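Structural features, examined
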Amino acid sequence: MSATMTDAAPTNHSAARLASPRRDLSWTAAPLVGLLGLAAFWVFPEDLGLMTRIAAAALYVLSLDLVLGYCGIATLGQAAMFGTGAYAAGIAAVHLVNDPLILLVIGGVAGGAIALATGALILHARGLTLLMLTIAVTQIVQEVANKARDWTGGSDGLSGVDPAPVFGLFRFDMVGRTSYLFALAVLVVGMLVARRIVRSPFGLACRGVKEDPVRVAALGGSPRAYLVTMYAVAGMFAGVAGALTAVSSGIVGLDSVSFSWSAEALVMLVLGGTGRLYGAVIGTVAFMAAHHILAATDPFHWMAFIGLFLMGVVLFLPGGIAAGLERLRDRLTGTKSGSAPGGRA
Amino acid sequence: MTILLEVQGLSKNFGGLQVSSDITMSLKAGDRCALIGPNGAGKTTFVNLVTGALAPTAGVIRLDGRDVTRLSAADRVRRGLIRSFQVARLFASMTVREHMELAILQRDRRTFRLFASVGRTRGLAAEVAEGLSLMGLEAVAETTVGSLAYGQQRLLEIALALVMRPKVLILDEPAAGVPHSESQRILDAIDRLPKDLAVLMIEHDMDLVARFASTIVVLAQGKLLCSGTTREVLADPRVREVYLGSRAHAH
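Residues numbered from 1 in each chain as written. Chains lettered and ligands numbered in written order. Predicted model: local features only at pLDDT ≥ 70, side-chain atom pairs only at ≥ 80, totals over all residues.

Before going further, it helps to spend a moment on the overall build of chain B. Scanning chain B for helices and strands turns up nine helices and 10 strands. Relative to the globule expectation of 18 Å for 251 residues, the C-alpha radius of gyration of chain B, 18 Å, shows essentially globular dimensions. For the C-alpha atoms alone, the extent of chain B along its principal axes is close to 55 × 40 × 35 Å. Going through the 251 residues of chain B one by one, you find that 45% of them count as buried. In chain B, the proportion of contacts linking residues at least 24 apart, taken out of those at least 6 apart, comes to 67%. (Helix = DSSP H or I, 4+ residues; strand = E, 2+ residues; numbered from the N terminus. Rg over C-alpha atoms; globule rule 2.2 N^0.38 Å. Buried ≥ 20, exposed ≤ 12 C-beta atoms within 10 Å, placed from the backbone. Contact = placed C-beta atoms within 7 Å.)

This is the structure:
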């Protein structure tokens, strides 16, 4: 297929064929996630806790896709935004308000603010240097959270987050039904908003920066302004995801701002496929479900199986699970199309 | 006529190596100027200095009367100094249409709209269609640039420069790699440009230069060798010696 793409252009005939736009089905992703999520609600009533964590994590991985998949920012620091949002919402819940939606807003603002502040400082760097700086930011945030015991509970974690009913109507029950449906709804809304952003003029400019920042400057744009803005926007998504975790689980721990949580986001995103938004959701579901099942069946060797699973995907499904699904669809429907990472989603 | 681009005493040293020395020239509104010179004469360096890709060691660059010597490349673009690249420099995974959309949105400073829809931006589709038809690129509008023929990439490169509404347009070998049949299309498009803008074209093809240019500037070894009307310059014996002579062997 890729051969067709590279050989296609020169003749008018093949150019005309390529010109017929592929049917854009990406709008179906968010509603589909909502429907499948609801189906899972009835099929797996025992696993609502896990599924709630998956929904919140998917929103977090989605935020990473905004910076990595659409801006090409290599980062191992997304947990700084997630954790800041989680702690901000958790602290606010303990001391100030307990309305879950307001807590999400607080988490989003906190995540966006830390992303804006650190992004403006570090985004002049590229590649490995930037990667190191994002790790350093996460370490600093984690250390601050660790030292500010009075506010965060330090290594004991922050507990006592007790959110009020959603819209004053739906109580957070013991079984976790409300938590799950709330998390699922926030994820679906997050996907819709993210899709809107990546298809906006701003999203188009960010894709330009990802490909060639110098060319964007030659069009009169400021590549760094786009990067910092998208980093802040993604920080808001990550902050909301952190707040969602705090609200639905009732606790915030230091692991929410850890290096490993940053790295796991990267693994989940690459697993699912970058630059598509829904790849983030697929990757999160695949990774966390595999994690759960393998850890339950073989508590001693599950890490090895996770590793094998990852190697299998990377070797046999370049571009992640989403790219594999797209190839499968193309084969079934007989259409030829280039998979476009960083595409319009 | 107003002077749109004015370059005074422009020099650039890389360490001890002087690649541009004391170049002075100007472009008036309506000028169609060709910049010629043998390989290694410093033409591309000169363009990089003028557009802001390189910082000069000495000299002043004025755009429409304002000193832009210290401004960034992007700031100069926003003030109407637009270039096309010698080697097509495009976004490989984006479609032809998306390139045009980005250039227009960027020109209109609409790129910080996070919740607007590109597809529903008023007037955008019509202007994209107009820009594409100018270069005969309508049929490949939805093709990703990475799978476009090189000649078509060059045409898109020109289309992008034109859609930016330049005051001063610098075309770095616009016809290089474009099939001969298509190079006329580029000249036609340049002919149709508003007469109040200035165009500077770097070009090797003397045939193209003669068809396009009303004035010529000749660089040799980083220095201004001579400048004047096309007829004067082409008749100048020094130009024949350093440039046309060596090119004649190459052809």
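Moving on, we come to the overall build of chain A. Scanning chain A for helices and strands turns up 16 helices and zero strands. The proportion of buried residues among the 345 residues of chain A is 51%. Taking as baseline every contact in chain A between residues at least 6 positions apart, the subset at least 24 positions apart corresponds to 77%.

Another point: the nonpolar core. Ranked by size, the top nonpolar core spans 174 residues in total, and within it A:Ala58, A:Leu59, A:Met230, A:Phe237 and B:Ala159 carry the most contacts. Two domains each donate at least three residues to this core, and these are domain 1 (3-80 + 165-250) and domain 2 (91-149) of chain B. Look past the residues within four positions of A:Ala58 in its chain and what remains in contact with it is A:Leu187, A:Ala280, A:Val281, A:Thr284 and A:Val285. (Core = buried A, V, L, I, M, F, W, Y, C linked by C-beta atoms within 7 Å. Domains from an automatic or database assignment.)

Residue and element names in this part refer to chain B. With antiparallel pairing, the four strands of this open sheet are ordered in space as S2-S1-S4-S5. Looking at the sheet topology across the chains shown, the edges are occupied by strand S2 (17-28) and strand S5 (66-67). The sheet contact formed by strand S1 (residues 3-14) and S2 spans eight bridges and is antiparallel. Bridge pairing links Phe14 to Leu17 in S2. (Pairing = 2+ DSSP bridges.)

All names here are of chain B. The interhelical angle for the contact between helix H3 (residues 96-107) and helix H4 (residues 124-134), taken along N-to-C directions, is 115 degrees, at an axis separation of 10 Å. One finds that H3 runs roughly perpendicular with respect to H4. When you trace H3 past H4, the crossing you get is right-handed. Touching Val96, Arg97, Met100, Glu101 and Ile104 of H3 are Leu124, Glu127, Val128, Gly131 and Leu132, all from H4. (Axes fitted to C-alpha atoms, helices over the stretch in contact; angles between N-to-C directions. Parallel < 35°, antiparallel > 145°, perpendicular 65-115°, else oblique. Left-handed = near helix turned anticlockwise from the far one by under 90°.)

What follows concerns the interface of chain A and chain B. Listed by partner, the interface residues are 33 residues for chain A and 38 residues for chain B. Counting residues per element, the ones that place at least two in the side of chain A that touches chain B are helix H1 (2-8), helix H2 (12-19), helix H9 (177-198), helix H10 (201-211) and helix H11 (213-218) of chain A. With seven residues, H10(A) is the largest single contributor of residues to the side of chain A that touches chain B. A class-by-class count of the residues in the side of chain A that touches chain B yields 18 nonpolar, nine polar and six charged. (Nonpolar A, V, L, I, M, F, W, Y, C, P; charged D, E, K, R; others polar.)

Here the focus is the domain arrangement of chain B. According to the domain assignment, chain B consists of domain 1 (3-80 + 165-250) and domain 2 (91-149). On a C-alpha basis, the centres of domain 1 of chain B and domain 2 of chain B stand 28 Å from each other.

Turning next to helix H5 (residues 78-95) of chain A. End to end, H5(A) covers 26 Å across 18 residues, agreeing with the expected 26 Å (1.5 Å per residue, within 8%). Across the 18 residues that make up H5(A), a large majority, 16, are buried. (Expected span 1.5 Å × (residues − 1).)

Residue and element names in this part refer to chain B. The sheet built from six strands is open, its strands ordered S6-S7-S8-S3-S9-S10 with mixed pairing. In this open sheet, the two edge strands, each paired with only one partner strand, are strand S6 (81-84) and strand S10 (223-229). On average, each strand axis in the sheet is tilted by 15 degrees relative to the strand beside it, whichever way the strands run. In terms of strand pairing, strand S3 (residues 32-36) meets strand S8 (residues 198-202) through four bridges, oriented parallel. Each bridged residue has a counterpart across the sheet, and for Cys33 the counterpart in S8 is Leu200.

Residue and element names in this part refer to chain B. Even without glycine at this site, Asp22 takes up a positive phi of about 50 degrees. By the secondary structure assignment, Asp22 is in strand S2. Asp22 sits in the partly exposed class, given 14 other C-beta atoms within 10 Å. The phi dihedral of Gln221 is positive, around 50 degrees, even though this residue is not glycine. Locating Gln221 in the fold gives a position in the loop between strand S9 (215-220) and S10.

Residues and elements named next belong to chain B. Considering the arrangement of structural elements, one finds Pro237 in helix H9 (residues 237-250). The exposed category is assigned to Pro237, around which 7 C-beta atoms lie within 10 Å. Sequence separation of Pro237 and Gly16 is 221 residues, and the distance between their C-alpha atoms is 31 Å.

A separate point is the pairing of S9(B). Residues and elements named next belong to chain B. Bridging between S3 and S9 involves four bridges; their strand directions are parallel. Of the residues in S9, the one forming a bridge with Ala34 is Ile216. Bridging between S9 and S10 involves six bridges; their strand directions are antiparallel. Within S10, the position partnered with Ala220 by the bridge is Lys223. Between S9 and S10, which follow one another and run antiparallel, lie two residues, and Gln221 among them has a positive phi close to 50 degrees.

With that settled, consider the packing of helix H4 (residues 48-71) of chain A against helix H13 (residues 259-272) of chain A. Geometry of a packed helix pair, given as the angle between the helix axes and the separation of the axes. Residue and element names in this part refer to chain A. Where H4 meets H13, the axes come as close as 9 Å, and the angle between the chain directions of the two elements is 75 degrees. With respect to each other, H4 and H13 are oriented roughly perpendicular. Contacts between H4 and H13 involve Tyr60, Val61, Leu64, Asp65 and Leu68 from the first element and Ala265, Leu266, Met268 and Leu269 from the second. Here the residues of the contact of H4 with H13 sort into eight nonpolar, no polar and one charged.

Residue and element names in this part refer to chain B. The set of residues buried in H4 consists of Leu124, Val128, Gly131 and Leu132. Along the long axis of H4, the arc covered by the buried residues comes to 100 degrees, so they all point the same way. In H4, the exposed positions angled more than 90 degrees off the buried face are occupied by Ala126, Glu130 and Ser133. Taken from the residues just after H4, Gly136 is the one with a positive phi, measuring 65 degrees. (Arc of directions from axis to C-beta.)

Glancing now at the environment of A:Ala89. Residues and elements named next belong to chain A. Relative to the assigned elements, Ala89 resides in helix H5. Judged by local crowding, Ala89 falls into the buried class, with 34 C-beta atoms found within 10 Å. On a C-alpha basis, the gap between Ala89 and Gly239 in space is 8.8 Å, while along the polypeptide they are 150 residues apart. If we skip the residues at most four places from it in the chain, Ala89 touches Leu103, Ile106, Gly107, Gly242, Ala243, Ala246 and Val247.

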